[in-house]
Each structure stands twice: as C-alpha cells, then as structure tokens.
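Summary of the model geometry
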Amino acid sequence: MSDPISKLSLAPLAAQWEATPETGVKYQRLAEAFAACIHSGTYMPGGHLPKETEISEALPVGLSTVQKALAQLVEQGLIIRRRKLGSFIADLDHQVPEVHVYRFRDPATGEEMMPFTRVVRVQRVLTAEYGALLTGFEAEEVMRIDRLVWVSGASPAYSSFFMRCEYHVEQPVEGSETLHGASYHRLLWERFGIRTAQVRHSASAELLSRHACEQLDLAAPHVGMIWDASEYDRDGRLQIVQRFELPRGHRPMELVEGKTGF
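Residues numbered from 1 in each chain as written. Predicted model: local features only at pLDDT ≥ 70, side-chain atom pairs only at ≥ 80, totals over all residues. Heavy atoms only, no water.

1. Looking at the pairing of strand E9 (residues 223-232)
Looking down a regular strand, the side chains alternate between one sheet face and the other. Burial analysis of E9 places 8 of its 10 residues in the buried class, the great majority of the element. In this sheet, E9 lies alongside strand E8 (residues 198-207) in antiparallel orientation, the contact comprising 10 bridges. If you follow His201 over to E9, its bridge partner there is Ala229. Two successive antiparallel strands, E9 and strand E10 (residues 238-246), enclose a turn made up of 5 residues, where Gly236 displays a positive phi of approximately 80°. (Buried < 20%, exposed > 50% of the residue type's maximum accessible area, 1.4 Å probe, protein only. Helix = DSSP H or I, 4+ residues; strand = E, 2+ residues; numbered from the N terminus. Pairing = 2+ DSSP bridges.)

Following this line, the structure appears as structure tokens:
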C-alpha cells in the first residue's frame, strides 16, 4: 500500500476526462475516465485517491457526480474504501464482485440506480430485543449500523445493517467519509473471507421505527414497507441481516442477484 499521505495526481484523470466521449451522464463519463487511468497503468494498485471534494474541484463536475462515479467503481472492484484512510486503487487479486446488491430501479426507464449511503448510527445491540429477526446469529449481541440510502433526485430510505461483533473490529467515527458509501459485503470479504451464498427475504406493510421516522422526517406513526433480508454463507451460517424501511410512495427497490461468482 502506498503512503496514505501521498495521493494520486488528478492531472491524468483530467486529461482522460477530456478524451472520454460525452455520454450525457456525467458520472458514467467520470467512471470511464477513472477506469481508463487504472487499466492503462497510470493509476497503479494501492494508489491513494484524493478526497471527493478535491476531485470535484479539479474537474467540471459536482460532488454528487464524483460520489456516484466512485460508487460505481467500487461496485466494479476497481476501487476499495478503507476505514479512516480513504479510497484506493484495488489490487487485481482482490477485485471480487458483490454477490447480492440492493439497488433502486427507475420505474419509468427500468434503469438500475446505484444508491448513496450515509451512516447515522453505530451501536451494539442485544439480539433478544429483535425477536426472530436476529435469532439466527446465535449470539447475545451484534453490531447495528444504521444508514440513509438514496439515489439522486429521490427521498431516502432507512437501512439497518446487522453483523457479528467480531467482524466489526474498528469502531467507525460517525461522519467519516470512508464509511459513507462503503460496501460492508466487500469489507467482510476482504477482511474475513465471508461471502454471501443465499438470501432469504420478506416484506410487509408495518409501522416504521421511531429512528426511521426521525431520520426521514416523518410524523409517527407512519405505515410503510419493511423489507428484511437475511444473508447466509455457503455453510448456511447467518452472516448479515439488513432491514430496509421505506415510507409510503417511495421509489421501488429490488434485490439484484446477477453477480454470483461464488
């Protein structure tokens, strides 16, 4: 890994941006420019990316465009995010696809839309307080990570991500930009070799939680959709539980299972 203080120059990216044909979608053009720098060897594995704000200031794009382009590159395995350090060019030996990715779909065009995430709370919780939802962990406590999840131009949904305490070795700093947009599926694979082999999910119309109503600025009680997804490894051991809370009238959300590779 390169010195985290020495970051990649943005001059090659700016030049590649100018050479990349306009597609009408700026974040895709930026992602293509980044990918070209990576595939050509201009940006080598381990290279430390500048901050998102620095990339935005160096190119004629907004911060949301940068965030969406980087999210796409993370999904493609070209970039990895490391807690408290930032984003880096991935080593090809560690570029693995996500198996199960939760995405929004544009109801008008059918286009899959990569979401943004922002962490709002991290805590240890007792599994007994959640009844059947978390009993499969067979542990007294798990880590709960609450996030806002949204796509450009749409209101956010609320997501609670549960995983085993032993897999959450670092206590993240609330507001850390390396956590926002991070893929916990990828972190679990890179650090512990854990892959999702099967997902069981259910959805129902229920009252949204108090925390969800507070973060989504909804008057409680509010009936919306609660979608629970339990993810198991190939040995049938529960590794991840995600709960999505969507208010009434929210953009449709779906589970995309096209990337297996496991």
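Having seen it, we continue.
2. Re the packing of aromatic side chains
Here the structure, examined in full by the defined rule, presents 3 aromatic pairs. Residues Tyr130 and Phe162 carry aromatic rings whose centres are separated by 5.2 Å and whose planes lie at 70° to one another, so their mutual orientation is edge-to-face. With Tyr130 in the loop between strand E5 (116-126) and strand E6 (141-150) and Phe162 in strand E7 (residues 157-164), the pair connects residues that are 32 residues apart, well separated along the chain. A relative accessible area of 22% places Tyr130 in the partly exposed class. Residue Phe162 is classed as buried on the basis of its relative accessible area of 1%. Ring centres 5.5 Å apart and planes at 35° place the aromatic pair Trp227 and Phe244 in the tilted group. One end of the pair, Trp227, is in strand E9; the other, Phe244, is in strand E10, and 17 residues separate them in sequence. Note on accessibility: Trp227 and Phe244 belong to one class, buried. Between the NZ or CZ atom of Arg29 and the centre of the ring of Trp17, over which it lies, the distance is 4.0 Å. Cation over ring: Arg200 sits above Tyr232, and NZ or CZ is 4.4 Å from the ring centre. (Phe/Tyr/Trp six-rings, centres within 6.5 Å; stacked < 30°, edge-to-face > 60°. Lys NZ or Arg CZ within 6 Å of the ring centre and 35° of its normal.)

3. Side note on the confidence of the model for the chain
On average, residues of the chain score 81 in pLDDT, and 83% of them are at 70 or above. Considering each helix and strand of the chain separately, the mean pLDDT is smallest for strand E11 (residues 253-256), with a value of 64, and largest for helix H6 (residues 210-215), with 94. Low pLDDT, under 50, characterises residues 171-178; the predicted model gives this stretch 18 contacts beyond four residues in sequence or across chains. (pLDDT = per-residue confidence, 0-100. Contact = heavy atoms within 4.5 Å.)

4. Comments concerning helix H4 (residues 63-76)
Over its 14 residues, H4 runs 20 Å from end to end, which matches the ideal 20 Å to within 8%, given 1.5 Å per residue. Within H4 the residues assigned to the buried category are Thr65, Val66, Lys68, Ala69, Leu70, Ala71, Gln72, Leu73, Val74 and Glu75. In the stretch just after H4, Gly77 is the one whose phi turns positive, near 85°. (Expected span 1.5 Å × (residues − 1).)

5. Focus on the packing of helix H2 (residues 26-39) against H4
Two numbers describe a pair of packed helices, the interaxial angle and the distance between the axes. One can describe the packing of H2 onto H4 by two numbers: an axis separation of 8 Å at closest approach and a directional angle of 50°. Overall, the two elements H2 and H4 adopt an arrangement that is oblique. The chirality of how H2 crosses H4 is right-handed. In this structure, H2 uses Lys26, Tyr27, Gln28, Leu30, Ala31, Phe34 and Ala35 to contact H4, whose residues at the interface are Thr65, Val66, Lys68, Ala69, Leu70, Gln72 and Leu73. (Axes fitted to C-alpha atoms, helices over the stretch in contact; angles between N-to-C directions. Parallel < 35°, antiparallel > 145°, perpendicular 65-115°, else oblique. Left-handed = near helix turned anticlockwise from the far one by under 90°.)

6. Regarding the side chain of Arg164
Position of Arg164 among the secondary structure elements: in strand E7. Polar side-chain contacts of Arg164 include one of 2.9 Å to the backbone oxygen of Phe137. Setting aside residues up to four positions removed in sequence, Arg164 forms contacts with Gly136, Phe137, Met143, Arg237, Leu238 and Gln239. (Polar contact = N/O pair within 3.5 Å; in protein donor to acceptor, adjacent residues only side chain to side chain.)

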